[in-house]
Amino acid sequence: MPSPSPVPSRSGRGDRRSDFPGLADGWAYLDSAATAQKPGVVIDAIARAYGPEYATVHRGVYARSATMTERFEAARQTVATFINARSPSEVVFVRGATEAINLVANSWGNSLEAGDRILLSALEHHSNIVPWQLLRDRTGIEIDVAPLTADHRIDEDALEALLTPRTKLVAIAHVSNVLGSVADVTRIAAAAHSVGARLLVDGCQAAPRIAIDVQASGADFYVFSGHKLYGPTGIGVLWARSDILDAMPPWQGGGSMIETVTFERTTYAPAPQRFEAGTPHIVGAIGLAAAIDYVNTIGLGTIDAHERALATQAREGLRQINSVRLFGPENSAGIVSFALDGVHPHDIGTILDESGVAIRAGHHCAQPLMTVLGVPATARASFAVYNGSDDVDRLLDGMRRVTRIFG
Ligand SMILES: Cc1ncc(COP(=O)(O)O)c(C=O)c1O
């Protein structure tokens, strides 16, 4: 097959790697599904925001704080535009996808009653399982699990068959962090709505590679983390339709989320401030906006096509190696999971590391999925805008070395 052409760079050096200081030593970094490397423009924006521009937001009467507030709220607008939200007030800044899902479970979820049902899928990340189990323990709701197809996508027919009038929420990953399987969000939203359920989409692995249109998708909640989208850690997004957000009670109390406080009674600020108690991650939001600007200069369509070509190259090469088992659909987003008979994925990861290739080995915070796949762990290569076909070649060379070592 033809090698995927590198994503063109503004520097004209033929690929995007030179935009990323973390890769200056020639590292073949194939663990972007865990966290992405940061481009220099993001690191610079963070350094400026913590340096000459630094001040608090929303409270200061001095000019620098007013400027910082404008930048913080401009970051919210950047996120809103990125996902096509109707208004920036639908964008709540949180620590990450995990916190976003916990927020929904602890605020919206508290209106659920014993006997209500939540429908998940078998490929969910623990952060889209455990918050619902905690809610189940508090409220007595039931959890249903949609199975996967033979090629490890969410079985959407089976999911539809599991919907009942008691189903109040469907919560699924847009893109699997283990398999790269892409869910048909629009179809699942329509199915969920047909029984009066809401749809929460875990967009952690979609945000860095698939254009999100929250309005067209039909989702009711959409969550993602900044650090997988080339932005900083500690910042993420909960988007919810404004009518839903407006009806949700706060889940954490403190400064910034109130209108008035007396010892007798407190009134709360409207969304999104109602859900942002305490001093926010000001610099994180600004860094996330810089990351979105960076991604927009390339285009998610270009990034996705580039990564899919690398995933195809990896799959075709791995298939040539004896005893390799591949998981997930052929037409996955840029994430490939595999196993080698008789070799623990940790050993694969360690040997690859010796040749400067970083993959992830383990259960990827998806233990129920490992049970479905029939393995305790997988090796996972995940691609990003800065990877090239040379990285895949190095992965395949490393895998041949693994097979030699293990005979
Ligand atoms: C699909 C998916 N959901 C949720 C998460 C949790 O993200 P975070 O740890 O940034 O909150 C991850 C991170 O690996 C993920 O890949």
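Because the structure is a prediction, the values reported are computed rather than measured.

*Asks:* An account of helix α6 (residues 185–194) is needed here, citing residue identities and associated values.
*Replies:* Side chains that are three or four residues apart share a direction in an α-helix, a result of its 3.6 residues per turn. All buried positions along α6 are accounted for by V185, I188, A189, A191 and A192. The buried side chains of α6 occupy one side of the element, clustering within an arc of 165° when seen end-on. G196 sits one or two residues past α6 and shows a positive phi near 80°.

*Asks:* Account for the sheet that holds strand β2 (residues 91–94), with residues named and values stated.
*Replies:* Taken together, the seven strands give an open sheet; going across it, the order is β2-β8-β7-β6-β5-β3-β4, and neighbouring strands pair in mixed fashion. One side of each edge strand has no neighbouring strand; the edge strands of this open sheet are β2 and β4 (142–146). Averaged over all pairs of adjacent strands, the angle between strand axes in this sheet comes to 20°, irrespective of strand direction. Alignment of strand β3 (residues 117–121) against strand β5 (residues 167–173), held across three bridges, turns out to be parallel.

*Asks:* Tell me about the nonpolar core, residues and numbers included.
*Replies:* Ranked by internal contacts, the top residues of the largest apolar core, which has 125 residues, are I188, F221, V237, L238, W239 and I286. Looking at this core, the element that brings in the most residues is helix α9 (residues 282–298), giving 11 residues. The residues that make up this core include at least three from each of domain 1 (17–30 + 299–405) and domain 2 (44–296).

*Asks:* Report on the sheet that holds strand β12 (residues 335–340), specifying residues and quantitative values.
*Replies:* The strand order across the open sheet formed by four strands is β11-β12-β15-β14, and the pairing between neighbours is antiparallel. Every interior strand has two partners, whereas the edge strands, β11 (324–327) and β14 (360–362), have only one. Strand-to-strand, the axes of this sheet are offset by a mean angle of 30°, without reference to chain direction. Relative to β14, helix α11 (residues 345–354) is tilted by about 160°, and along the sheet it contacts β12, β14 and β15 (378–382).

*Asks:* Give a description of helix α13 (residues 389–405) that names residues and reports values.
*Replies:* Relative to the 24 Å expected for 17 residues at 1.5 Å per residue, α13 spans 24 Å between its end C-alpha atoms, a close match to the ideal helical length. Among the residues making up α13, those that are buried are D391, V392, L395, G398, M399 and V402. Summarising the axial view, the buried residues of α13 lie within an arc of 120°, below the 170-degree limit, and thus occupy one face. Buried positions along α13 lie against β1 (28–29), α10 (300–319), β12, α11, β13 (357–358) and β15. Just past α13, the residue G407 takes up positive phi, approximately 70°.

*Asks:* Got a sec to walk through the pairing of β2? Specific residues and values, please.
*Replies:* Here β2 shows no split at all, with V91 and F93 on one side and V92 and V94 on the other all buried. Of the pairings in the sheet, the one linking β2 to strand β8 (residues 236–240) comprises four bridges and is antiparallel in character. Bridge assignment links F93 to a residue of β8, and that residue is V237.

*Asks:* Just give me the short version of the domain arrangement of the protein chain, but keep the residues and values in it.
*Replies:* Annotation of the protein chain at the domain level lists domain 1 (17–30 + 299–405) and domain 2 (44–296). Centre-to-centre separation of domain 1 and domain 2, based on C-alpha positions: 28 Å. Counting residues at the interface gives 23 residues for domain 1, matched by 23 residues for domain 2. Of all elements in the fold, only α10, β12, α12 (367–373) and β15 reach the threshold of two or more residues within the side of domain 1 that touches domain 2. Here the element with the most residues in the side of domain 1 that touches domain 2 is α10; it accounts for six residues. Its residues assigned to classes, the side of domain 1 that touches domain 2 shows 13 nonpolar, seven polar and three charged.

*Asks:* Describe in detail the site of the ligand, supporting the description with residues and values.
*Replies:* The full set close to the ligand counts 13 residues, and G96, T98, N177, C204 and S225 are the nearest of them. Split into classes, the residues belonging to the shell around the ligand amount to four nonpolar, eight polar and one charged.

*Asks:* Explain the packing of α11 against α13 to me, using residue names and the numbers behind them.
*Replies:* Packing of α11 against α13 leaves a shortest axis separation of 9 Å and a crossing angle of 120°. Comparing the axis directions of α11 and α13 gives the class oblique. Classified by chirality, the crossing of α13 by α11 is right-handed. Residues I348, I351 and L352 of α11 touch α13, and the partners they reach there are L395, G398, R401, V402 and I405.

*Asks:* Account for the confidence of the model for the protein chain, with residues named and values stated.
*Replies:* Per-residue confidence for the protein chain gives a mean pLDDT of 95; residues scoring 70 or more make up 97%. Per-residue pLDDT stays below 50 along residues 1–5; that stretch engages in 10 contacts with residues further than four places along the chain or on separate chains. With pLDDT under 50 throughout, residues 9–14 is counted as low confidence; its partners more than four residues away or in other chains account for eight contacts.

*Asks:* Describe the packing of helix α2 (residues 63–82) against α9, naming the residues involved and giving the relevant values.
*Replies:* One way to put it is that α2 packs onto α9 with a least axis distance of 9 Å and a crossing angle of 45°. Accordingly, the angle class assigned to the pair α2 and α9 is oblique. Considering how the two elements wind past one another, α2 and α9 form a crossing that is left-handed. Within the contact between the two elements, α2 uses M68, R71, F72, A74, A75, R76, T78, V79 and F82 and α9 uses I282, A285, I286, L288, A289, I292 and D293. Along the lines of polarity and charge, the residues of the contact of α2 with α9 split into 12 nonpolar, one polar and three charged.

*Asks:* Please set out the environment of T78 residue by residue, giving values where relevant.
*Replies:* Inspection of the secondary structure puts T78 in helix α2. Among the residues examined, T78 registers 20 C-beta atoms within 10 Å and is labelled buried. Sequence spacing of T78 and A285 is 207 residues, and the spatial spacing of their C-alpha atoms is 9.8 Å. With residues up to four places along the chain from it excluded, the contact list for T78 reads A289, I292 and D293.

Thresholds applied
- Residues numbered from 1 in each chain as written.
- Predicted model: local features only at pLDDT ≥ 70, side-chain atom pairs only at ≥ 80, totals over all residues.
- Buried ≥ 20, exposed ≤ 12 C-beta atoms within 10 Å, placed from the backbone.
- Helix = DSSP H or I, 4+ residues; strand = E, 2+ residues; numbered from the N terminus.
- Arc of directions from axis to C-beta.
- Pairing = 2+ DSSP bridges.
- Axes fitted to C-alpha atoms, helices over the stretch in contact; angles between N-to-C directions.
- Core = buried A, V, L, I, M, F, W, Y, C linked by C-beta atoms within 7 Å.
- Domains from an automatic or database assignment.
- Contact = placed C-beta atoms within 7 Å.
- Expected span 1.5 Å × (residues − 1).
- Nonpolar A, V, L, I, M, F, W, Y, C, P; charged D, E, K, R; others polar.
- Near = placed C-beta within 6 Å.
- Parallel < 35°, antiparallel > 145°, perpendicular 65-115°, else oblique.
- Left-handed = near helix turned anticlockwise from the far one by under 90°.
- pLDDT = per-residue confidence, 0-100.

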